[in-house]
Every structure is written in C-alpha cells, then in structure tokens.
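# Structure assessment
Residues per chain are reported as follows:
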Amino acid sequence: MAFKLGNRNNNPTHSRGVRVIETPLEGGEWAEARKDGTIAINSDKVDTSNKPLMKRIIKHEMKHMKDMQEGRADYGENWMYWDGKVYLRREINGTNFIDGPNGRHPEGSHEHPWEQEAVEAETK
C-alpha cells in the first residue's frame, strides 16, 4: 500500500484517501488517527523519510481509523470508547492515562486492547 508524504502545505494523501499531515503533537506520541479522517504524524519525533517506519505507522493508525469507522472505538477529551464500554482518560503528574479494560495504563500503551490490535496490524 503506497502513501505519499510531503510538506505541511500540500495536503499529502494516503492511497486509501486518508490525509496524512505532519504536525507537532503535544502528548509526545508518534502519530494519531483523528475523527476528522486524518492521520497526524508528529513532525518533532518521526523521520518521515524512513519509509519502513512510515509504513508501520500508517498501518497502525489505519487500524484505529477502521475501528472508529466501524463503531468499535471513539474518544473525547476525557473518555475513550472501546467495544461497547466507556473508559476514563486522565492526566496524572503530566502523563496521560486511560483506565481501560486491562487497568490504568498510559495512553498508547500496548496493554490497551485497541493498541494491541493496531500493533498487530503493523505487520499485515
């Protein structure tokens, strides 16, 4: 699956029609799937010229995007929805956590089932 990345001014697009934008992200994550249908790549952390890394990131975020489109996942500022249940998001000592089905873990932790599935999707 090919994707094209460019500078912030030319609205790069993934081959499935998902816009991929480069922008700094506050939480320190490498990328995020957004409800507006875009994938944001953290321009402060990711070398977008590293094609194998970019391919993994895009596959990971596309899984999150698919989960949102299918109604399995959703999120708001203070909550996360996964498979029919709502989990609270909170900041503790400057770190963002989700009280998920496997307990309290930082956002992006592979302990969360939605992250486990997205990590698995990276190699498919």
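Scope of this entry: the structure provided in the associated data block. (Residues numbered from 1 in each chain as written. Predicted model: local features only at pLDDT ≥ 70, side-chain atom pairs only at ≥ 80, totals over all residues. Heavy atoms only, no water.)

Note on sheets: strands pair through backbone hydrogen bonds, and any given pair is parallel or antiparallel. Strand order in the open sheet formed by five strands is β4-β5-β6-β7-β8, with antiparallel pairing between adjacent strands. Edge positions in the sheet fall to β4 (73-76) and β8 (103-106), since each of these pairs with one other strand and no more. On average, adjacent strands in this sheet sit at an angle of 25° to one another, irrespective of strand direction. Two strands pair when backbone bridges link them, and strand β5 (residues 79-82) and strand β6 (residues 85-92) are joined in this way by four bridges, in the antiparallel orientation. Bridge pairing in β6 links methionine 80 to tyrosine 87. (Pairing = 2+ DSSP bridges. Helix = DSSP H or I, 4+ residues; strand = E, 2+ residues; numbered from the N terminus. Axes fitted to C-alpha atoms, helices over the stretch in contact; angles between N-to-C directions.)

Let us now look at the layout of surface pockets. Quantified by volume, the largest pocket comes out at close to 1,300 Å³. Glu29, Ala31, Glu32, Glu107 and Gly108 are, among the 38 residues lining the largest pocket, the residues nearest its centre. Elements with a contribution of two residues or more to the lining of the largest pocket: β2 (31-33), α1 (51-69), β4, β5, β6, β7 (95-100) and α2 (113-121). Top contributing element to the lining of the largest pocket by residue count: α1, with eight residues. Here the residues of the lining of the largest pocket sort into 13 nonpolar, eleven polar and 14 charged. (1 Å grid on protein atoms, 1.4 Å probe; cavity = no way out; pocket = protein on both sides within 12 Å on 5 of 7 lines; lining within 4 Å. Points joined across faces, edges and corners; volume = space filled by probe spheres on them. Nonpolar A, V, L, I, M, F, W, Y, C, P; charged D, E, K, R; others polar.)

It is worth stressing that arrangement in space is one thing and function is another; only the former is reported here.
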